[in-house]
Amino acid sequence: MATSDPSIRLATVRDVRSIRALVEPYVESRAIVPKPVVAYYESVQEFRVVELDGRIVGCGAVHAMWDNVAEIRTVAVDPAVKGRGVGSLLLRTLIQEARDLGVSRLFCLTFETDFFAHHGFREIEGQVVAPAVYAELLQSYDEGVAEFLDLERIKPNTLGNTRMLLDL
C-alpha cells in the first residue's frame, strides 16, 4: 500500500526501462502506439515521470511540433495507483510545460476522452493548422505528427482514438 504523495520529475536515461515497462500494457491494448526502444532514449528529455514510494507509477511527454502546437504523448499510469491523482498531477505538469515552451495549443490522441476533457481538452476533426504549416509538417518522420495530421497511413494504428486539443 502506497504511503507517500506522488512526486514528479524530469526523466533520465536510467528511467527508460521503467517507462517502457509502464507503457507496455497500454501498447499491448493498442491504447499507445508502439515505438522502438531507441525512440524512448531519443526523446527522454521530453518525458516526466511520477514516483510514488520509490517507484515510477506514471509517465508522459510534451513534444513540440510547430511554433504554436505541441503534443502530449505516451501518458501512462500504473493501474494499481489510478484514482490517487497521479494522472492529473502528470497532465497538469505537462500542460504547464507546454505553456513554458510557448505554444498556444496542445494536442493529444487518446481513448481517455473524459479525463482529458476534464482538463479542458476538446475533441477535434479535420486540420487545425494552416495549409502552409500542414505542408511543412508532412515532411516530418515523426509518427506523432502523422497522428496530428490524421494521415491515412497511421489510422490502422490509432483506430478508435480521439483527437483532442487544448487552447492554452
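Please read these numbers as outputs of a predicted model, since none were measured by experiment.

Caption draft 1: Broad picture of the sheet that holds strand β2 (residues 47-52). Spatially, the seven strands line up as an open sheet ordered β1-β2-β3-β4-β5-β7-β6, and their pairing is mixed. Two strands lie at the open edges of the sheet, namely β1 (7-10) and β6 (122-123), each paired on one side alone. The sheet contact formed by β6 and strand β7 (residues 162-167) spans two bridges and is antiparallel. The residue bridging Arg122 from the neighbouring strand is Leu165, located in β7. Of the strands in this sheet, β2, β3 (55-66) and β4 (69-77) are in contact with helix α1 (residues 16-28), which crosses β3 at around 85°. The strands that helix α3 (residues 86-101) touches are β1, β2, β3, β4, β5 (105-110) and β7; relative to β3, the one it contacts most, it runs at about 30°.

Caption draft 2: Inspection of the pattern of salt bridges at higher detail. Following the criterion strictly, the structure yields six salt bridges and no others. Arg9 serves as the salt-bridge partner of Glu51, at 3.2 Å between the closest nitrogen and oxygen. Here Arg9 lies in strand β1 and Glu51 lies in strand β2, a separation of 42 residues in the sequence. Residue Glu51 is classed as partly exposed on the basis of its relative accessible area, which comes to 23%. Take Arg9: its relative accessible area is 27%, and that puts it in the partly exposed class. Counted as one network, the salt bridges with shared partners bring together Arg9, Asp15 and Glu51.

Caption draft 3: Spatial organisation of a nonpolar patch on the surface. A contiguous nonpolar patch, built from Val13, Val37 and Tyr41 and spanning about 240 Å² of accessible area, is present on the exposed surface. By relative accessible area, Val13 is classed as partly exposed at 48%.

Caption draft 4: Region of interest: the packing of aromatic side chains. Summed over all chains, the structure comprises three aromatic pairs. Ring plane angle 40° and centroid distance 6.0 Å describe the contact between Tyr40 and Phe47, whose orientation is recorded as tilted. The burial state of Tyr40 is the same as that of Phe47; both residues are buried. Aromatic rings pair up to connect Phe115, Phe116 and Phe121 into one cluster. Residue placement shows Lys35 over the ring face of Tyr40; its charged tip is 4.8 Å from the ring centre.

Caption draft 5: Inspection of unusual backbone geometry at higher detail. The phi dihedral of Arg30 is positive, around 70°, even though this residue is not glycine. Here Arg30 lies in the loop between α1 and α2 (37-42). Unlike most non-glycine residues, Asp53 shows phi in positive territory, near 50°.

Definitions and limits used
Residues numbered from 1 in each chain as written. Predicted model: local features only at pLDDT ≥ 70, side-chain atom pairs only at ≥ 80, totals over all residues. Heavy atoms only, no water. Pairing = 2+ DSSP bridges. Helix = DSSP H or I, 4+ residues; strand = E, 2+ residues; numbered from the N terminus. Contact = heavy atoms within 4.5 Å. Axes fitted to C-alpha atoms, helices over the stretch in contact; angles between N-to-C directions. Salt bridge = Lys/Arg side-chain N within 4 Å of Asp/Glu carboxyl O. Buried < 20%, exposed > 50% of the residue type's maximum accessible area, 1.4 Å probe, protein only. Patch = residues over 30% accessible without salt bridge, like charges linked within 9 Å, V, L, I, M, F, W, Y side chains within 5 Å. Areas by Shrake-Rupley, 256 points an atom, 1.4 Å probe, with all protein chains shown as cover. Phe/Tyr/Trp six-rings, centres within 6.5 Å; stacked < 30°, edge-to-face > 60°. Lys NZ or Arg CZ within 6 Å of the ring centre and 35° of its normal.

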